[in-house]
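Breakdown of the fold
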Amino acid sequence: MSTATIHQYAPKTAGKAPEVPIRHMDFKFDAKDLDTTFFKDTEFATAYFQALSIFLTFGEELVIDTARYHRQFLKDPVLKQRVTALIGQEAIHSKMHDEFNDTLAEHRYPVALYRFLADNVFEYGFKKLPNRMQLSLMAGIEHFTAVLAEYMMKNEEVFYETGDEKQRALWMWHMLEESEHKDIAYDVYETLSGNYPLRMSGFALAAFTIMFLVPLGGAMIPVYRKPTKLLSLRYWKDVKTSLVFLAGPKEGVYGSTVKHILDYLRRDFHPNDHDTTAYLEYYKEKLLNPKTGLLSPYLVKEFVPKLRA
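Sequence positions are assigned chain by chain, starting from 1 and proceeding in written order. For this predicted model, a pLDDT threshold of at least 70 governs which residues receive local features, and a threshold of 80 or more governs which side-chain atom pairs are given and counted, while totals over whole chains, interfaces and linings are taken from all residues. Computation of side-chain values: all heavy atoms of the structure, hydrogens and water removed.

**Description of a negative patch on the surface**
The residues that make up patches have over 30% relative accessible area and no salt bridge, and they are joined within 9 Å when like-charged or within 5 Å when they are Val, Leu, Ile, Met, Phe, Trp or Tyr. Surface exposure here means Shrake-Rupley accessible area, sampled with a 1.4 Å probe, where a residue is shielded only by the protein chains that are shown. Put simply, a salt bridge is a Lys or Arg side-chain nitrogen that is within 4 Å of an Asp or Glu carboxyl oxygen. In this tally, Lys and Arg are treated as positive and Asp and Glu as negative; His is ignored, and so are the chain termini. Taken as the charge location is NZ of Lys, CZ of Arg, CG of Asp or CD of Glu. Taken together, D41, E157, E161 and E251 make up a surface patch of like negative charges. Each residue is placed in one exposure class: buried if its accessible area under a 1.4 Å probe, protein chains only, is under 20% of its type's maximum, exposed if it is over 50%, and partly exposed if it falls in between. Residue classification places E157 among the partly exposed residues on the basis of a relative accessible area of 41%.

**Concerning helix α1 (residues 43-71)**
Helix length check: α1, at 29 residues, gives a terminal C-alpha distance of 41 Å against a target of 42 Å (1.5 Å per residue), a fit within 8%. What we call the bend at a residue is the angle made by axes fitted to the seven residues finishing there and the seven residues starting there. By the criteria applied, helices consist of DSSP H or I runs no shorter than four residues and strands consist of E runs no shorter than two, each listed in order from the N terminus. Along α1, the largest kink reaches about 35° and is centred on F55. Taking burial as the measure, the 29 residues of α1 include 24 buried ones, the bulk of the element. Take the number of residues in a helix, subtract one, and multiply by 1.5 Å to get its expected span.

**Regarding the nonpolar core**
Nonpolar cores are built from buried Ala, Val, Leu, Ile, Met, Phe, Trp, Tyr and Cys residues. Side-chain atoms within 4.5 Å join them into one set. Counting 90 residues, the largest nonpolar core has F27, F49, W171, M175 and L287 as the members making the most contacts within it. M175 has contacts with A149, M152, M153, F159, Y283 and L287, leaving out every residue within four places of it along the chain. In what follows, a contact means two residues having at least one pair of non-hydrogen atoms within 4.5 Å.

**With respect to the environment of F38**
Along the chain, the position of F38 falls in the loop between β1 (22-25) and α1. Along the chain, F38 and G255 lie 217 residues apart, while their C-alpha atoms are 20 Å from each other.

**Comments concerning the pattern of salt bridges**
All chains considered together, the criterion is met by 21 salt bridges. Between D26 and K28 there is a salt bridge whose closest N-O contact spans 2.7 Å. Judged by relative accessible area, which is 29%, D26 ranks as partly exposed. For K28, a relative accessible area of 57% gives the class exposed. D263 is the partner of R266 in a salt bridge, and the nearest nitrogen-oxygen pair spans 2.5 Å.

**Focus: the confidence of the model for the protein**
Looking at the protein, pLDDT values average 94 and 95% of them are 70 or higher. Within the model, the stretch residues 1-8 combines pLDDT values under 50 with 19 contacts to residues more than four positions away or in other chains. pLDDT measures how confident the predictor is about each residue, on a scale from 0 to 100.

**Topic: the layout of surface pockets**
Counted as a void, the largest pocket has a volume near 600 Å³. Buriedness for pockets is judged along seven lines, at least five of which must meet protein on both sides within 12 Å for an open set on the 1 Å grid over protein atoms alone, while cavities are sets there where a 1.4 Å probe fits but cannot get out, and lining residues have an atom within 4 Å of a point. As for the largest pocket, its lining consists of 35 residues, and the residues nearest its centre are L52, F55, L56, T209 and V214. If you list the elements that add at least two residues to the lining of the largest pocket, you get α1, α3 (111-124), α4 (131-154), α5 (165-180) and α7 (196-225). Its residues placed into classes, the lining of the largest pocket shows 26 nonpolar, five polar and four charged. Grid points are joined across faces, edges and corners, and a volume is the space filled by probe spheres set on the points. Think of it as three bins: nonpolar holds Ala, Val, Leu, Ile, Met, Phe, Trp, Tyr, Cys and Pro, charged holds Asp, Glu, Lys and Arg, and polar takes everything else, Gly as well.

**Topic: a nonpolar patch on the surface**
There is a patch of nonpolar side chains on the surface, built from L113, F116, L117 and Y224 and spanning about 390 Å² of accessible area. If one sorts the elements of the nonpolar patch by residue count, α3 sits on top with three residues. Relative to the helices and strands, L113 is located in helix α3.

**So, the side chain of D35**
Relative to the assigned elements, D35 resides in the loop between β1 and α1. No salt bridge forms around the buried D35; measuring N to O, its nearest opposite-charge neighbour R168 is 7.8 Å away. What qualifies as a polar contact is a pair of N or O atoms within 3.5 Å, subject to a donor-acceptor requirement within protein and to the restriction that residues adjacent in sequence count only when both atoms come from side chains. Polar contacts involving the side chain of D35 include one to the main-chain amide nitrogen of T37, which spans 2.9 Å. The contact partners of D35, leaving out residues within four places of it in the chain, are Q50, T162, G163, D164 and Q167.

**Focus: the packing of helix α2 (residues 77-105) against α5**
In contact at an axis separation of 11 Å, α2 and α5 are set at 160° when each is read in the N-to-C sense. One finds that α2 runs roughly antiparallel with respect to α5. Relative to α5, α2 is oriented so that their crossing is left-handed. Listed contacts from α5 to Q89, E90, I92, H93, M96, H97 and F100 of α2 are Q167, L170, W171, W173, H174, E177, E178 and E180. Here the residues of the contact of α2 with α5 are counted per class, giving six nonpolar, five polar and four charged. To get an axis, fit a line to the C-alpha atoms, keeping to the stretch in contact for a helix; angles then go from 0 to 180 degrees between the N-to-C directions. Each angle gets one of four labels, with under 35 degrees taken as roughly parallel, over 145 as roughly antiparallel, 65 to 115 as roughly perpendicular, and the rest as oblique. Two helices that cross are described as forming a left-handed crossing if the nearer one is turned anticlockwise from the farther one by less than a right angle, and a right-handed crossing if clockwise.

This is the structure we're talking about:
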């Protein structure tokens, strides 16, 4: 992309953007501690998040590569610094989820198969898209992770229906950082392109991936692990309950957030229209307090990238 294509855009975060730190984590996952029903004590709904964990490592690699490529075209040093922070956070997300996924494999999750499928989809599909389309897809993916993060922030109790502390810490840490950097990919897209039809194309592709491909992968997991579940009445009751938790209009992960998801369609949309400042302050204290924070035992180091001209 040439600098001539840069679209003049003033991000809503310009001049007052909060710092985005890069946190190195070490959860030391142990397969014997894994709760396979951590999400509201359901197997089917939990399988969605386990599938998401497997596939998102590939999505994060796409975000990293796309952000790194487009960073060179940015003129605003603050936005460039924030892109560096985005890259750092996503790189550690990918690493930690890869380690978590290895523990899933020890419980007969189809990790190797899904990694193979995802690698081919991304290598021969998404990564072959034009750079400008990858930029749009990056912004679309980050919108969905921001929606999911805000849902989790507003429904903290979902993390405390499990005794699996490390899995709780993993998802709450990821939730925190997705909300911290939710505006960066969008600001880069609007700065370097700003094309609305292209933004909608990236949104549609991200929606197809996160709301169709990932659920499809999740739906296959319980049966893959134990095919006889198809004959179990208890399992089908779990499926019914899980679908309410995932798609129900009142409390469903995506059913209750559909307005937030579709808000992306507004031409004047910006991620910061959905203010999560108070939630971030609350969770930073809850998770990062040196003495009482849930993440304190797993936090190795934290730093903010340097601001460079």
